Amino acid sequence: MEAKERTVPPNFIRHVIEEDLRTGKYDGRVVTRFPPEPNGYLHIGHAKSICLNFGLAGEYGGTCHLRFDDTNPGKENIEFVNAIQADLRWLGFDWDRHLYFTSDYFDRLFDYAIALIKMGKAYVDSQSPDEIRQNRGTLKEPGTDSPYRNRTAAENLDLFEKMKTGDFGEGACVLRAKIDMAAPNIVMRDPALYRIRKQPHHRTEGLWCIYPMYDFAHCLSDSIEGITHSICTLEFENNRELYDWILDALNAYHPQQIEFARLNLNYTVLSKRKLITLVAKNHVSGWDDPRMPTISGLRRRGCPPEAIRNFCERIGVARRDSTVDFALLEYCIREELNKKAHRVMAVLNPLRVVIENYPEDQTETLSAVNNPEDAGMGTREIPFSKVFYIEREDFMEDPPKKFYRLAPGREVRLRYAYLVTCTDVIKDGNGNILELRCTYDPATRGGDAPDGRKVKSTLHWVSARHAIDAEVRLYDALFSVENPGAEEDFESVLNPKSVEVLTRCKVEPFLKTAAPGFRCQFERLGYFCVDTRDSSPGKPVFNRIVTLRDTWSKIQKKGKNDS
RNA sequence: UGAGGGUUAGUGUAGUGGUAACACGACGGGUUCUGGCCCCGUUAUCCAAGGUUCGAGUCCUUGACCCUCAGCCA
């Protein structure tokens, strides 16, 4: 009995597809595509688009293509092509045999350009980039025609051929669509279709020195592949008119472009440029730094792919700009991990405790549940002995009213072990607490008192003699303000405490053999993942994926505000 | 003040003329060998103003505010 499928919430794109299915607009086909430019790493914003496109295809029995939009050789490379595919697979998506590259269509695209020239709908402009910009006009004033706008088809054909054979230098000329320099939509003021780039392309190498522009290549690639619904983000809205114009001019198969609002997440940035800056200026350790909103960063942090998919489903799809709460992502991660993660005990800031009435050399083994949410995960044995560690913040010498944990004279439960009572506090000359002395009740083995008495709290612990030393990295938001992207200098608003490295942590022996990538819950603390880069068998390193919901910290904050 | 979009609880989405739904968050409570999970409750009259209608978040009008576009980037 698998978890019931969450019913996918309706959205406007679904409505369009269902209407098209009803009217038979595309003969019942649904073909979408995810078209990344291989010039960077995928991030959570891309995941929204990926889940949308693959999800829609899956739901309506269609297919989703993976197409690398590689029309700009200077910025793209094979490394990104591979990284993107790895991220997609990890996310759980399969494009089967539908892996395409816009560069595969360069010949056909060139022919389409020739066709446009022959129809008198495209011309070679020999103005400089600067002149072209000047003559484009402004948002409110129309542009002016290029002096080369009325070259004959024969002349254009000859010139375009020369562009292709490398007779001109970069920037010397460009192929433009002949539309309308006075068009109210600036995109339509004779947009560039092809430019000269004398750079080797990662796939076609030195074969071409002219490359199609996005507007020309994208619609035609969609057309060639028989895409039905070409889903992209809102900033391409103005380009839709051109998308349609090119396809109509060429009388080509015509998919429909549908735009949706891109994802914005608070306390982080999702713009490629800004992410590059973080990496380039070493604000983070790399693209897969666990604090990065990249797919590789989330993966290394320990975020399960299912959580990302659920998140993308929950945020919905619409056309209005919005910023999703980071708390929702955290919720999705916890939800997934709560069901799947192995529970384990680990002490981050150890405080030594000695049980005075416990036999010196005795060690006993106690049984612990591996996952209370899933009995199938079984139980394990944990060693217990006279000296152990508890979390420093689980003890207070002078506890406030709502503090239920250990305090002088108070009895608490050691999870799966015994009820212990604090009898003494050992301090150094400066008043720092060095160690605690307790007594235990032998009759409470396993954690329950035969006389039925209750304790207010249960603490996690690790036997000192059996503990394994570990490094634990506590991650927090990368930025300290909600909308770092709106800042004049987003680097100035980085959270200085986005990572805290603890090197003297104690974890239970079970973790000795934990493999890189292993996710578990440190009881009462949060979910952690064995780092895939820096962890080694003798010296485990854990990344905190996300904390547990922490009611106590809220009570503490409230207490501070009240007083 | 050119063109194209947008505006429903703190946040994100649903509602397609019949009297506002779901999720997260927040707050309160229950349960508990994780102050976790789980359970229960509270949390909006739909940007504004007019109009059409027996009835409007949904239709019309006017206005306000927000976003995108002047790369030989995508």
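Because the structure is a prediction, the values reported are computed rather than measured.

Taken together, three strands build an open sheet; the order of strands is S1-S2-S3 and the sheet is parallel. Two strands close off the open sheet at either side, each with one partner strand: strand S1 (31–34) and strand S3 (99–101). With direction set aside, neighbouring strand axes in the sheet form an average angle of 35 degrees. Helix H2 (residues 44–59) contacts S1 and strand S2 (63–68) of the sheet and is inclined by roughly 160 degrees relative to S1. With respect to the sheet, helix H7 (residues 214–225) is in contact with S1, S2 and S3, its orientation differing from that of S2 by roughly 140 degrees.

The next thing to look at is the packing of aromatic side chains. Scanning the entire structure with this criterion turns up 23 aromatic pairs. Ring geometry for Phe68 against Phe101: centres 5.3 Å apart, planes inclined by 25 degrees, an arrangement best described as stacked. Note that Phe68 is positioned in strand S2 and Phe101 in strand S3, a separation of 33 residues in sequence. On the basis of relative accessible area, Phe101 is assigned to the buried category, the value being 6%. Residues Phe522 and Phe528 carry aromatic rings whose centres are separated by 4.0 Å and whose planes lie at 15 degrees to one another, so their mutual orientation is stacked. By the burial criterion, Phe522 is buried, and Phe528 matches it. The structure contains a cluster of three or more aromatic residues connected by ring pairs, namely Phe106, Phe110, Phe160, Tyr194, Trp208, Tyr211 and Phe216. For the cation-ring pair, Lys274 lies above Phe490, with the distance from its terminal atom to the ring centre recorded as 5.8 Å.

On to the pattern of salt bridges, then. This structure, assessed with the given rule, holds 43 salt bridges. Linking Asp394 and Arg405 is a salt bridge whose minimum nitrogen-to-oxygen distance equals 3.0 Å. Placement of the pair is Asp394 in the loop between strand S15 (387–391) and strand S16 (411–414) and Arg405 in the loop between S15 and S16, with a sequence separation of 11 residues. Asp441 serves as the salt-bridge partner of Arg453, at 2.9 Å between the closest nitrogen and oxygen. With Arg453 in the loop between strand S18 (433–440) and strand S19 (458–459) and Asp441 in the loop between S18 and S19, this pair connects stretches of sequence that are 12 residues apart. Taken together, the shared-partner salt bridges connect Asp288, Arg300, Glu471, Arg473, Asp531, Arg533, Asp534 and Lys539 into one network.

Moving on to the pairing of strand S13 (residues 363–369). Alternating residues of S13 divide into Glu364, Leu366 and Ala368, all buried, and Thr363, Thr365, Ser367 and Val369, none buried. Note that S13 and strand S14 (residues 379–385) share seven bridges and pair antiparallel. Its bridge partner lying in S14, Ser367 is registered against Glu381.

The next point concerns helix H4 (residues 106–118). Helix length check: H4 (13 residues) gives 18 Å between terminal C-alpha atoms against 18 Å at 1.5 Å per residue, within 8%. Taken together, the buried positions of H4 are Phe106, Leu109, Phe110, Ala113, Ile114, Leu116 and Ile117. Looking down the long axis of H4, one finds its buried residues gathered within 160 degrees of arc, a one-sided arrangement. Away from the buried face of H4 by more than 90 degrees, exposed residues Asp107 and Lys118 are located.

Model confidence for chain A is summarised by a mean pLDDT of 96, while 98% of its residues fall at 70 or above. Overall, residues 1–5 carries pLDDT values under 50, and its contacts beyond four positions in sequence, including any with other chains, amount to zero contacts.

Direction vectors running N to C along H7 and helix H8 (residues 240–249) enclose 60 degrees, while the axes themselves pass 9 Å from each other. Of the possible angle classes, the one that applies to H7 and H8 is oblique. Considering only the axes of H7 and H8, their crossing is right-handed. Contacts between H7 and H8 involve Asp215, Phe216, His218, Cys219, Leu220, Asp222 and Ser223 from the former and Leu242, Tyr243, Ile246 and Leu247 from the latter. Tallied by class, the residues present in the contact of H7 with H8 amount to seven nonpolar, two polar and two charged.

Their axes nearest at 11 Å, the elements H4 and H7 cross at an angle of 110 degrees. Taken as axis vectors, H4 and H7 run roughly perpendicular relative to one another. For the pair H4 and H7, the sense of crossing is right-handed. Residue-level contacts link Arg108, Leu109, Tyr112, Ala113 and Leu116 of H4 to Phe216, Ala217, Leu220 and Ile224 of H7.

Another aspect to go through is the pairing of strand S6 (residues 192–196). In terms of burial, S6 is a largely internal element, four of the five residues being buried. Inspection of the sheet shows strand S5 (residues 174–177) paired to S6 by three bridges, in the antiparallel sense. Its bridge partner lying in S6, Leu175 is registered against Tyr194. The pairing of S6 with strand S7 (residues 210–212) spans three bridges and is classified as antiparallel. Following the sheet pairing, Tyr194 is matched in S7 by Pro212.

What counts and how
Residues numbered from 1 in each chain as written. Chains lettered and ligands numbered in written order. Predicted model: local features only at pLDDT ≥ 70, side-chain atom pairs only at ≥ 80, totals over all residues. Heavy atoms only, no water. Pairing = 2+ DSSP bridges. Helix = DSSP H or I, 4+ residues; strand = E, 2+ residues; numbered from the N terminus. Axes fitted to C-alpha atoms, helices over the stretch in contact; angles between N-to-C directions. Contact = heavy atoms within 4.5 Å. Phe/Tyr/Trp six-rings, centres within 6.5 Å; stacked < 30°, edge-to-face > 60°. Buried < 20%, exposed > 50% of the residue type's maximum accessible area, 1.4 Å probe, protein only. Lys NZ or Arg CZ within 6 Å of the ring centre and 35° of its normal. Salt bridge = Lys/Arg side-chain N within 4 Å of Asp/Glu carboxyl O. Expected span 1.5 Å × (residues − 1). Arc of directions from axis to C-beta. pLDDT = per-residue confidence, 0-100. Parallel < 35°, antiparallel > 145°, perpendicular 65-115°, else oblique. Left-handed = near helix turned anticlockwise from the far one by under 90°. Nonpolar A, V, L, I, M, F, W, Y, C, P; charged D, E, K, R; others polar.

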